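Spelled out, the chains give:
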Amino acid sequence: MNKIVEKKRDLSFDIAKGIGMLAVILGHMSLPARLSGFIFSFHMPLFFLINGYFFKEKDSWVCIRKKARSLILPYVCTCILVILSSVFWNIIKGADLNTVTADIKMWTLASLYGSGTITHFLKWNFHIIGAIWFLLAMFWADVIFNFLLKTKHKYILGFILAAIGYFTTDLIWLPASFQAGLTSILFIEIGYFIKQKNLFEKCINNIWVLIAAAILWGNSIINGGQLYMVRNFYGDGIFDILGAIGATFIILKFSRFLAKTVKPLAGLLAKYGKDSLIVLCFHLVELNTFPWYIISNNLGYISATIIIFCMKVLWSVWCVFVVKYIPVLNVIFNKHPKEKL
């Protein structure tokens, strides 16, 4: 039965997620503004749009339970791994007990606050937890959107909640990336609408649609203010959103092309995309704690960037392999067969 389901799976979505994860890793490095703008124009919206495309309505409590298991549990585990990794590297560097204790406190508070960028809540300031803000935001967006699907005006209500998340950003930044989750509902409902109207299959081979998508994406890259979903910043407003939608169409079209013509590369990217949760979480561990400065301080910019990027990718691939052989981590980071697409 599983083999039949696997044959029907459209690998272009997994390939697109694989491309997205490589962009996430590269985007967290020190890059020229243009390249950074290119990456931030699409990499996070792509995941929310694909999530919305495959979203299925569930009973409210079932949805909360499943999303807590698939998103919150990996978040908690990753935070613990960050703390342990921080202790390990501090010991390697010969840090004293006070430094080790201070870092444990810092990462614990960062984990509880759960912000990817903004670190103030009322009068308190916290360290950012980093890339896994995505898991918290996705949890809120999925749970709330599942509830909205039970209403008559799901798209209107989703837009209103997204607007609330956006416009309250500069007034107060709530813990657990809640406002980022609210604004992310917009991309989830767009992905859901595309699936309901079968727009992807209708438009993916339409040259005029692809040209329009390319124009919108290009405009976002050239004129956009870098689309920071992590803190609800859209420098070019609606054009950043349209650019992200256009980018997703282009990347999915390219992914389908790879699936048909360059099958070995497509297979590797699809595998990387299917394991994107593991890749993201263990990327966060190295991003927050590994002493990459040892390499960057001793090599030229271009050489250091290429070497560090390759090492980060190899690290994530190794983690995907190892996690499946550690029962506890396998349970936490790999979906139950019934939960797979």
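Residues numbered from 1 in each chain as written. Predicted model: local features only at pLDDT ≥ 70, side-chain atom pairs only at ≥ 80, totals over all residues. Heavy atoms only, no water.

Novice: How should empty space enclosed by the protein be read in this particular structure?
Specialist: Left-over empty space is what a probe sized like a water molecule reveals as it rolls over the atoms. In total, this model carries 1 cavity of 30 Å³ or more according to the counting rule given. Volume-wise, the largest cavity comes out at about 100 Å³. Lining the largest cavity, in full, are F13, L49, I50, Y53, G191, I194, F200, I245, T248, F249 and L252. Looking at the lining of the largest cavity, the elements with two or more residues in it are α4 (43–53), α9 (178–196) and α12 (238–261). At 4 residues, α12 tops the list of elements feeding residues into the lining of the largest cavity. Looking at the lining of the largest cavity residue by residue, the class counts come to 9 nonpolar, 2 polar and no charged. (1 Å grid on protein atoms, 1.4 Å probe; cavity = no way out; pocket = protein on both sides within 12 Å on 5 of 7 lines; lining within 4 Å. Points joined across faces, edges and corners; volume = space filled by probe spheres on them. Helix = DSSP H or I, 4+ residues; strand = E, 2+ residues; numbered from the N terminus. Nonpolar A, V, L, I, M, F, W, Y, C, P; charged D, E, K, R; others polar.)

Novice: Would you take a moment to explain the environment of G37 for this structure?
Specialist: Note that G37 resides in helix α3 (residues 33–40). Owing to a relative accessible area of 9%, G37 belongs among the buried residues under this scheme. It is 9.1 Å that separates the C-alpha atoms of G37 and G27, two residues lying 10 residues apart in sequence. (Buried < 20%, exposed > 50% of the residue type's maximum accessible area, 1.4 Å probe, protein only.)

Novice: For this particular structure, what's the right way to read the packing of aromatic side chains?
Specialist: Given two aromatic rings, one states the distance between the centres and the angle between the planes to describe the pair. Summed over the entire model, instances satisfying the criterion amount to 31 aromatic pairs. A centroid spacing of 6.4 Å and a plane angle of 25 degrees characterise the contact between F254 and F257, whose relative ring orientation is stacked. Taken together, the residues F254 and F257, both in helix α12 and 3 residues apart, mark about one turn of the helix. By the ring-pair criterion, three or more aromatic residues cluster together here, those being F88, W89, F290, W292, W315 and W318. Residue placement shows K58 over the ring face of F55; its charged tip is 5.4 Å from the ring centre. (Phe/Tyr/Trp six-rings, centres within 6.5 Å; stacked < 30°, edge-to-face > 60°. Lys NZ or Arg CZ within 6 Å of the ring centre and 35° of its normal.)

Novice: How should the confidence of the model for the protein chain be read in this particular structure?
Specialist: If pLDDT is low for a region, its predicted coordinates should not be looked at in detail. Across the protein chain, the average pLDDT comes to 90, with 95% of residues at or above 70. Mean pLDDT across the elements of the protein chain bottoms out in helix α1 (residues 2–8) (49) and peaks in helix α7 (residues 133–148) (97). Counting interchain partners and residues more than four positions distant, the pLDDT-below-50 stretch residues 1–6 has 2 contacts. Across residues 336–341 the pLDDT falls below 50, and counting only partners more than four positions away or on other chains, this stretch makes 6 contacts in the model. (pLDDT = per-residue confidence, 0-100. Contact = heavy atoms within 4.5 Å.)

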